Amino acid sequence: MKFIVCVSREDCGDLSTADLTLGSFNEVKAPADSRGMIRIIDNSGEDYLYPQSLFETVEVQEKTATRLHESLVA
């Protein structure tokens, strides 16, 4: 499992960032596509596409990744 942290909610044009919290960890469901959009599980618990530029990759231990995953999909 791969996780990223939200570092910005700026410059998204018409895209809503209401379901993103600065500093929150989000699970990556699919890597960035050719347009720089990354599919993550946001605060709504659903997976959506967001600009990759809003996030930074973080390294977490496997045990932590499992616990984060379980809490994000609950």
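See the structure printed just above.
A quick note: this is a predicted structure, and the numbers were derived from the prediction, not measured. By convention here, each chain's residues receive numbers from 1 onward along its written sequence. For this predicted model, a pLDDT threshold of at least 70 governs which residues receive local features, and a threshold of 80 or more governs which side-chain atom pairs are given and counted, while totals over whole chains, interfaces and linings are taken from all residues. Hydrogens are left out, water is left out, and the side-chain values use all remaining heavy atoms of the structure.

Q: Could you clarify how one ought to interpret the environment of asparagine 26 in this entry?
A: Runs of E in the DSSP output that reach at least two residues are strands. Runs of H or I that reach at least four are helices, and both are numbered from the N terminus. Among the structural elements, asparagine 26 can be located in strand β2 (residues 25-30). A 1.4 Å probe rolled over the protein chains alone gives each residue an accessible area, and that area as a share of the maximum for its type sets the label: buried under 20%, exposed over 50%, partly exposed in between. For asparagine 26, a relative accessible area of 0% puts it in the buried group. The spacing of asparagine 26 and phenylalanine 55 is 29 residues in sequence and 9.1 Å in space, taken between C-alpha atoms. Among residues more than four places away in sequence, those in contact with asparagine 26 are Lys2, Phe3, Ile4, Cys6, Leu20, Ile40, Ile41, Asp42, Asn43, Phe55 and Leu72. A distance of 3.1 Å separates a polar atom in the side chain of asparagine 26 from the backbone oxygen of isoleucine 41. We call two residues in contact when some of their heavy atoms are within 4.5 Å. Throughout this description, a polar contact denotes any pair of N or O atoms lying within 3.5 Å of each other; where both atoms belong to protein, one of them has to be capable of donating a hydrogen while the other can accept it, and for residues adjacent in sequence the pair is counted only when both atoms sit in side chains.

Q: Just to check I follow, could you spell out the pattern of salt bridges for this structure?
A: Side chains carrying opposite charge are able to pair once their charged atoms draw close together. Salt bridges are defined by distance alone: a side-chain nitrogen of Lys or Arg within 4 Å of a carboxyl oxygen of Asp or Glu. Applying the stated criterion across every chain yields a total of two salt bridges. Between arginine 35 and aspartate 33 there is a salt bridge, and its shortest N-O distance comes to 3.0 Å. Taking relative accessible area as the criterion, arginine 35 reaches 62% and is therefore assigned exposed. For aspartate 33, a relative accessible area of 29% puts it in the partly exposed group. With its nearest N and O atoms 3.1 Å apart, the salt bridge here joins aspartate 47 to arginine 39. Using a relative accessible area of 34% as the deciding quantity, one classes aspartate 47 as partly exposed. Overall, the relative accessible area of 28% leaves arginine 39 in the partly exposed class.

Keep in mind these numbers describe shape, not what the thing actually does.
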